Amino acid sequence: MHRTGAHIRQHFHKATMHSGRAATITKISAHKLACRSRTGYSMGMLIFTPQALAFVALPKTGTTAIEKALRPHADIVFRKSQKHTSAQRFHRRIRPFVRSTFGIALESFAVLRDPEDQIRSWYKYRCRDDIRDKPEFAGHLSFDAYVGAVLSEDPPPCAQIGSQYRMLSGRGGRILVDHLFAYERWDQLETFLADRFGHRIIFEPHNVSPFAKAELSPSLQRKLRAARRAEFDLHARLMDTDGKLQPRLRNMAD
């Protein structure tokens, strides 16, 4: 039976109140649905029940463009603070809840960007003039110094950006998303979503970072690759398979 968005939201509210899993869902703030940001559209993890699909958003991989394009189709939208929910949290808490409550076996998808380029995007984003007076401002650092800060044991606020690999993986480094796409092969994501939704999804660029000189010296590049070898290897494997992987399916087959 097809469920409308309103029906799903009503059922979801009731489930969080009466289900034995209410405490878990409360902790991840799932009861706060369709919370609007100051930009006028909902921000957060998107779940599409007719497509049995969830979007795991990794920072600086086109997530705002994806969210704006797909939000009108989402049945469940987690509040803004849960925008970048990790694959592990989704896999352990959200996926089982949706299965037990709605009988829907969700698949997840995410986008992975070249690790150096993703950090470069963070750097440019944090060199913006409008945050010059905030601890997150990185404009006083060269890109070499910024990467060094990211890799340090105690990164300053401007360099606290996390890791794409950690957001995608669980124990033992197993990748927990069902469908992974390369940021550099956006066409593969478009084809996948068009097939799932039955029509082409139109994306518009958002949060484009200002220009900033961001060349990385060979020595820092080697240090970065050594420190984040698993992430670089995953991206290389993704590019070797034409920009798309089904890593969780492969994990289950191993």
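This text follows the structure it describes.
Described in the following lines is the structure provided in the data block. (Residues numbered from 1 in each chain as written. Predicted model: local features only at pLDDT ≥ 70, side-chain atom pairs only at ≥ 80, totals over all residues. Heavy atoms only, no water.)

All right, on to helix α10 (residues 229-240) then. In this model, α10 (twelve residues) spans 16 Å end to end at C-alpha, consistent with the 16 Å of a helix rising 1.5 Å per residue. Along α10, the residues that are buried comprise E231, F232, L234, H235 and L238. One side of α10 holds all its buried residues, which, seen down the axis, span an arc of 160 degrees. Residues of α10 that are exposed and angled more than 90 degrees away from the buried face: R229 and D240. Buried residues along α10 sit against β4 (107-112), α5 (115-125), α7 (164-168), β5 (179-182), α9 (218-227) and β6 (244-245). Taken from the residues just after α10, D242 is the one with a positive phi, measuring 65 degrees. (Helix = DSSP H or I, 4+ residues; strand = E, 2+ residues; numbered from the N terminus. Expected span 1.5 Å × (residues − 1). Buried < 20%, exposed > 50% of the residue type's maximum accessible area, 1.4 Å probe, protein only. Arc of directions from axis to C-beta. Contact = heavy atoms within 4.5 Å.)

Before going further, it helps to spend a moment on helix α8 (residues 186-197). Taking 1.5 Å per residue as the helical rise, α8 with its twelve residues ought to reach 16 Å, and the 16 Å between its terminal C-alpha atoms agrees with that figure. Listed as buried for α8 are Q188, L189, F192, L193 and F197. Down the axis of α8, the sector holding all buried residues measures 150 degrees, keeping them to one side. Within α8, the exposed residues directed more than 90 degrees away from the buried face are T191 and D195. Looking at the buried residues of α8, the elements they touch are β1 (46-48), β2 (53-55), α3 (63-70), β4, β5 and β6. Looking at the residues trailing α8, positive phi occurs at G198, about 80 degrees.

Among the secondary structure elements, R132 is positioned in the loop between α5 and α6 (143-150). Since its relative accessible area comes to 48%, R132 is described here as partly exposed.

Below, the discussion takes up the packing of α5 against α6. Remark: α5 packs on α6, axes separated minimally by 11 Å, with the N-to-C direction vectors making an angle of 105 degrees. Judged by the angle between their axes, α5 and α6 are roughly perpendicular. The residues of α6 that touch α5, namely those facing E116, I119, R120, W122 and Y123, are F143, Y146, V147 and V150. Per-class residue counts for the contact of α5 with α6 are seven nonpolar, no polar and two charged. (Axes fitted to C-alpha atoms, helices over the stretch in contact; angles between N-to-C directions. Parallel < 35°, antiparallel > 145°, perpendicular 65-115°, else oblique. Nonpolar A, V, L, I, M, F, W, Y, C, P; charged D, E, K, R; others polar.)

As a further point, take the packing of aromatic side chains. Summed over the entire model, instances satisfying the criterion amount to nine aromatic pairs. Aromatic pair F48 and F197: ring centres 5.2 Å apart, planes at 85 degrees, arrangement edge-to-face. Of this pair, F48 sits in strand β1 while F197 sits in helix α8, and the two are 149 residues apart along the sequence. Exposure class is identical for F48 and F197. Each is buried. (Phe/Tyr/Trp six-rings, centres within 6.5 Å; stacked < 30°, edge-to-face > 60°.)

This part is about the pattern of salt bridges. In this structure the tally under the stated criterion is nine salt bridges. Between E107 and R196 there is a salt bridge whose closest N-O contact spans 2.4 Å. With E107 in strand β4 and R196 in helix α8, this pair connects stretches of sequence that are 89 residues apart. Among the residues examined, E107 registers a relative accessible area of 28% and is labelled partly exposed. Residue classification places R196 among the partly exposed positions, given a relative accessible area of 25%. Across the pair D117 and R120 runs a salt bridge, and its minimum N-O distance is 3.6 Å. Of this pair, D117 and R120 both sit in helix α5, separated by three residues, roughly a single helical turn. Of the residues examined, D117 reaches a relative accessible area of 25% and is grouped as partly exposed. (Salt bridge = Lys/Arg side-chain N within 4 Å of Asp/Glu carboxyl O.)

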